[in-house]
Amino acid sequence: MGGTPVLRCVVRTFGPAVDVVTTETYDPPRPGPGEVSVRMLMASVNPSDLVTISGAYASRTTLPFVPGFEGVGVVEATGPGVRGLAAGQRVLPIGSAGAWQQTKVAEARWCLPVLPHLTDEQAATSYINPLTALLMLRQYVDPGMDGGATGTGVPGAAGAPGVVVNAAASAIGRMAIRMLNRDGVEPVAVVRHPRSREQLAGLRTAAVLCTSDAAVRESLPAVVREAAGGRPPAVVLDAVGGAEGGDLARALAPGGTLVHYGLLSGRPLPPSLATERPDVRIVLFRLRDWVHTADPARLTDALARAQRLVADGTAASAVAHVLPLTDVREALRREAAPGRTGKILLRAD
Ligand SMILES: NC(=O)c1ccc[n+]([C@@H]2O[C@H](COP(=O)([O-])OP(=O)(O)OC[C@H]3O[C@@H](n4cnc5c(N)ncnc54)[C@H](OP(=O)(O)O)[C@@H]3O)[C@@H](O)[C@H]2O)c1
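Residues numbered from 1 in each chain as written. Predicted model: local features only at pLDDT ≥ 70, side-chain atom pairs only at ≥ 80, totals over all residues. Heavy atoms only, no water.

As annotated in an unreviewed UniProt entry, the protein carries the name Alcohol dehydrogenase and comes from Streptomyces albireticuli.

Listed below in structure tokens is the structure:
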């Protein structure tokens, strides 16, 4: 054991986050070989945290654990053999849970640099959504139109693919739309509440479709094609799954791609899709898979690019509330409240 007791959130049984996350004090260990001790400053609450706490990934989650896949901190101490990191440096300790605590002991190789001019709030939201949006667009939206935000190819709307973004008012949905806009693409946005239209103000879209409207929900493939100017879309970015994800796959042009990256509906895509539309590609995107297999230099470069997009506003997240770790239950209640307009952040001081 290492020093002064610090606060951490802990999950001892799986369940709804608001019921099972508790706080406690503990003595953090000193960093071992190749490790650093990071004094956390700010962490975000993301759907992936809530899903992990619920037990959906119980087979790869050992109880008890400290939640939080995204947060920023300052290196406090380095263990034996650590090169390239020094006390006082601001870092994002990624690649494992544990951001919802005052001190995270992490492997030095997973502590990535933070652009100096990002605020702590920006830094604490500069990894999961910005990097996912950037990588999905790079990999699955035609690289020929991807020079503006994503950094390769030549930008321009001529010949740009039709793109659909659902859960469009989510933090990542808005980022993806802003990135597409920089590349000259105006996607069809799909939301589930009329109030979400306000959150899309200032973004350029071909149309905003609301699935609370029965006429939209019941004929979604046809409505999407019509909204895209009669041209079936080439790419759908799907964070919802279930019936909605299935209908958006049905709207795709032959050879099109549904990038399935979230399960906000809690339901899988319809199994019949594979036989109904054998001509479309359905890919599952998981940031975790990319991060854990990427070459370290590529990961650092991609994260730096994502952070630049946060700094210039393209991949910025609206922040609804910042609460101290001691109020984690209240933070989780606000996370679950309908009509939330931005991210919930946890302050670790
Ligand atoms: N695969 C990956 O590697 C990866 C990486 C990043 C994010 N994601 C996924 O991306 C999704 C969005 O993440 P985020 O951080 O941007 O979320 P967020 O903004 O914090 O919250 C999600 C928002 O989506 C809306 N929503 C919830 N259920 C919905 C549904 N059934 N249909 C349509 N909209 C719904 C909610 O708004 P309203 O209640 O106002 O509708 C909610 O505010 C999550 O599923 C997350 O897991 C995946």
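Next, the rest of the story.
Moving on: the pairing of strand β14 (residues 319–324). In summary, the side chains of a regular strand alternate between the two faces of the sheet. Two strands pair when backbone bridges link them, and β14 and strand β15 (residues 343–347) are joined in this way by five bridges, in the parallel orientation. Of the residues in β15, the one forming a bridge with Val 319 is Lys 343. Assessed by its sense of winding, the connection that carries the chain from β14 through helix α13 (residues 328–336) to β15 is right-handed. (Pairing = 2+ DSSP bridges. Helix = DSSP H or I, 4+ residues; strand = E, 2+ residues; numbered from the N terminus. Right-handed = clockwise from strand over helix to strand, strands pointing away.)

The next subject is the site of the ligand. Taken together, 24 residues form the shell around the ligand, and within it Ala 171, Arg 192, Phe 285, Leu 287 and Lys 343 come nearest. Within the backbone of Tyr 261, a nitrogen or oxygen atom sits 2.8 Å from a nitrogen atom of the ligand. A distance of 2.6 Å separates an oxygen atom of the ligand from a polar side-chain atom of Lys 343. When isolated, the ligand has an accessible area of 920 Å², and the protein chains bury 85% of it. Put simply, the parts of the chain that give the shell around the ligand at least two residues each are α4 (128–140) and α5 (171–182). Take the shell around the ligand: its biggest share by element is three residues, from α4. Split by residue class, the shell around the ligand holds twelve nonpolar, seven polar and five charged. (Near = heavy atom within 4 Å. Polar contact = N/O pair within 3.5 Å; in protein donor to acceptor, adjacent residues only side chain to side chain. Areas by Shrake-Rupley, 256 points an atom, 1.4 Å probe, with all protein chains shown as cover. Nonpolar A, V, L, I, M, F, W, Y, C, P; charged D, E, K, R; others polar.)

The interhelical angle for the contact between helix α8 (residues 220–227) and helix α9 (residues 242–251), taken along N-to-C directions, is 50°, at an axis separation of 8 Å. If you check the angle between α8 and α9, you find them oblique. α8 and α9 meet at a crossing whose hand is right-handed. Contacts between α8 and α9 involve Leu 220, Pro 221, Val 224 and Arg 225 from the first element and Glu 244, Asp 247, Leu 248, Arg 250 and Ala 251 from the second. Its residues assigned to classes, the contact of α8 with α9 shows five nonpolar, no polar and four charged. (Axes fitted to C-alpha atoms, helices over the stretch in contact; angles between N-to-C directions. Parallel < 35°, antiparallel > 145°, perpendicular 65-115°, else oblique. Left-handed = near helix turned anticlockwise from the far one by under 90°. Contact = heavy atoms within 4.5 Å.)

Let us look at the packing of aromatic side chains. The geometry of an aromatic ring pair is captured by the separation of the ring centres together with the interplanar angle, meaning the angle of the planes. Applying the stated rule across the entire model yields zero aromatic pairs. The residue whose ring lies beneath Arg 8 is Tyr 26, and the NZ or CZ to ring-centre distance is 3.8 Å. (Phe/Tyr/Trp six-rings, centres within 6.5 Å; stacked < 30°, edge-to-face > 60°. Lys NZ or Arg CZ within 6 Å of the ring centre and 35° of its normal.)

To continue, consider the nonpolar core. With 60 residues, the main nonpolar core has Tyr 127, Leu 131, Val 291 and Leu 299 as its most contacted residues. By residue number, the principal contributor to this core is α4, which donates eight residues. Viewed by domain, this core spans two of them, domain 1 (6–125 + 317–347) and domain 2 (132–287), each represented by three or more residues. For Tyr 127, the contacting residues outside a window of four places in its chain are Phe 69, Glu 70, Leu 92, Ile 94, Gly 95, Thr 132, Leu 287, Val 291 and Leu 303. By size, the runner-up hydrophobic cluster in this structure holds 30 residues, among which are Leu 7, Val 75, Trp 100 and Ala 106. (Core = buried A, V, L, I, M, F, W, Y, C linked by side-chain atoms within 4.5 Å. Buried < 20%, exposed > 50% of the residue type's maximum accessible area, 1.4 Å probe, protein only. Domains from an automatic or database assignment.)

The next thing to look at is the environment of Cys 210. Tracing the backbone through its elements, the reader meets Cys 210 in strand β10 (residues 207–210). Separated by 94 residues in sequence, Cys 210 and Ala 304 have C-alpha atoms that sit 35 Å apart. Filtering out sequence-adjacent residues up to four positions away, Cys 210 remains in contact with Val 191, Arg 192, His 193, Pro 194, Arg 197 and Val 216.

On the secondary structure map, Pro 47 appears in helix α2 (residues 47–54). A relative accessible area of 42% means that Pro 47 is categorised as partly exposed. Here the alpha-carbon distance between Pro 47 and Leu 264, two residues 217 residues apart in the chain, equals 8.4 Å.

Moving on, we come to the sheet that holds strand β12 (residues 257–260). Strand order in the open sheet formed by six strands is β10-β9-β8-β11-β12-β13, with parallel pairing between adjacent strands. With partners counted over all chains shown, the strands left at the sheet margins are β10 and β13 (281–284), one partner each. Across the sheet, the axes of successive neighbouring strands diverge by a mean angle of 15°, strand direction being ignored. Inspection of the sheet shows β12 paired to β13 by four bridges, in the parallel sense. Within β13, the position partnered with His 260 by the bridge is Leu 284. The strands that α4 touches are β11 (235–238), β12 and β13; relative to β12, the one it contacts most, it runs at about 160°. Relative to strand β8 (residues 163–166), α5 is tilted by about 160°, and along the sheet it contacts β8, β9 (188–191) and β11.

Another aspect to go through is the pattern of salt bridges. Going through the model one piece at a time under the given rule, you end up with 16 salt bridges. Notably, a salt bridge pairs Glu 24 with Arg 12, separated by 2.6 Å at the nearest N-O pair. Residue Glu 24 is found in strand β2 (residues 21–26), and its partner Arg 12 is found in the loop between β1 (6–11) and α1 (17–20); the two are separated by twelve residues along the sequence. Residue classification places Glu 24 among the buried residues on the basis of a relative accessible area of 19%. Residue Arg 182 is joined to Asp 312 by a salt bridge in which the shortest nitrogen-to-oxygen separation is 2.7 Å. Placement of Arg 182 in helix α5 and of Asp 312 in the loop between α12 (296–311) and β14 is noted, with a sequence separation of 130 residues between them. Overlapping salt bridges, with partners in common, bring together Arg 8, Arg 12 and Glu 24 in one network. (Salt bridge = Lys/Arg side-chain N within 4 Å of Asp/Glu carboxyl O.)

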